[in-house]
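# Survey of secondary and tertiary structure
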Amino acid sequence: RSELPRAADAEYAHDGRILARLHFAEAARSDARAEITALQREGREVFILSGDRVEKVAAMAAALGVPAGNALGGLTPEQKRDWVLAHDTGDTLMLGDGANDTAALGVAHASIAVSSGARPARRRPRACLSGRGPASMATALRTPSPVKPR
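Residues numbered from 1 in each chain as written. Predicted model: local features only at pLDDT ≥ 70, side-chain atom pairs only at ≥ 80, totals over all residues. Heavy atoms only, no water.

## Digging into the overall build of the chain
- Looking only at helices and strands, one finds six helices and seven strands in the chain.
- Secondary structure elements of the chain occur, N-terminal to C-terminal, as β-β-α-β-α-β-α-β-α-β-α-β-α.
- Across the 150 residues that make up the chain, the buried fraction comes to 31%.
- Taking as baseline every contact in the chain between residues at least 6 positions apart, the subset at least 24 positions apart corresponds to 37%.
- A total of about 9700 Å² of accessible surface is found on the chain, and carbon and sulfur atoms cover 52% of it. (Helix = DSSP H or I, 4+ residues; strand = E, 2+ residues; numbered from the N terminus. Buried < 20%, exposed > 50% of the residue type's maximum accessible area, 1.4 Å probe, protein only. Contact = heavy atoms within 4.5 Å. Areas by Shrake-Rupley, 256 points an atom, 1.4 Å probe, with all protein chains shown as cover.)

## A closer look at the pairing of strand β1 (residues 10-14)
- With five bridges joining them, β1 and strand β2 (residues 17-22) adopt antiparallel strand pairing. Following the sheet pairing, Ala13 is matched in β2 by Ile18. (Pairing = 2+ DSSP bridges.)

## A few points about the environment of Asn70
- Secondary-structure assignment places Asn70 in the loop between α2 (54-64) and β4 (71-72).
- With relative accessibility at 13%, the residue Asn70 sits in the buried group.
- Linking Asn70 and Glu45, residues 25 residues apart in sequence, is a C-alpha distance of 8.5 Å.
- Separated by 3.1 Å, the side chain of Asn70 and the backbone oxygen of Val46 make a polar contact. (Polar contact = N/O pair within 3.5 Å; in protein donor to acceptor, adjacent residues only side chain to side chain.)

## Quick look at the environment of Pro67
- Position of Pro67 relative to the elements: it lies in the loop between α2 and β4.
- Overall, Pro67 belongs to the partly exposed group, its relative accessible area being 41%.
- Spatially, the C-alpha atom of Pro67 lies 8.4 Å from that of Val46, the residues being 21 residues apart in sequence.

## Here's the deal with the packing of aromatic side chains
- This model, assessed by the stated rule, comprises one aromatic pair.
- Ring geometry for Phe47 against Trp83: centres 4.9 Å apart, planes inclined by 55 degrees, an arrangement best described as tilted. Of this pair, Phe47 sits in the loop between α1 (32-41) and β3 (48-49) while Trp83 is found in helix α3 (residues 77-87), placing the two residues 36 residues apart along the sequence.
- Classification of Phe47 by relative accessible area gives partly exposed; the value is 31%. (Phe/Tyr/Trp six-rings, centres within 6.5 Å; stacked < 30°, edge-to-face > 60°.)

## Details of α3
- Those residues of α3 lying buried are Lys80, Trp83 and Val84. Down the axis of α3, the sector holding all buried residues measures 95 degrees, keeping them to one side.
- On its buried side, α3 packs onto β3, β4, β5 (93-96) and α4 (102-107). (Arc of directions from axis to C-beta.)

## Things to note about the packing of α1 against α2
- As a packed pair, α1 and α2 sit with axes 8 Å apart at the nearest point and diverge in direction by 75 degrees. Relative to α2, α1 is oriented roughly perpendicular. Contacts from Ala32, Arg33 and Ile36 of α1 reach α2 at Ala62, Ala63 and Leu64.
- Among the residues making up the contact of α1 with α2, the classes are represented as five nonpolar, no polar and one charged. (Axes fitted to C-alpha atoms, helices over the stretch in contact; angles between N-to-C directions. Parallel < 35°, antiparallel > 145°, perpendicular 65-115°, else oblique. Nonpolar A, V, L, I, M, F, W, Y, C, P; charged D, E, K, R; others polar.)

Spelled out as structure tokens, the structure:
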């Protein structure tokens, strides 16, 4: 059986001729699904807001146990910000790692940036996550803190 060619994540071209098509693969951390499941069992909703292609985001959501309707791909930074503004009722925690998350981090009720992420993202949140992976975030959510949300 032959596979249909999938869309390239990036293309390199010269004089209108494509010289290379690049495909990137992503893998979730080994503890990600378990941590997301634990958050869901506690009654928390988990959403993915991503600028990646819709198909890529859907595949990651399926791997993590995030409902398909909660996985939004192809979003601009402004669309992420607008989604948070439209859905945050004073209970949203935005976790971001890239410059394209900065606007959403700035408007969320509470926000955490991944310390290994892009520098602009680390300037906006109320906290910076220095641990590795979602287990650190889940622990942070379960730990009483004197830091008050915005």
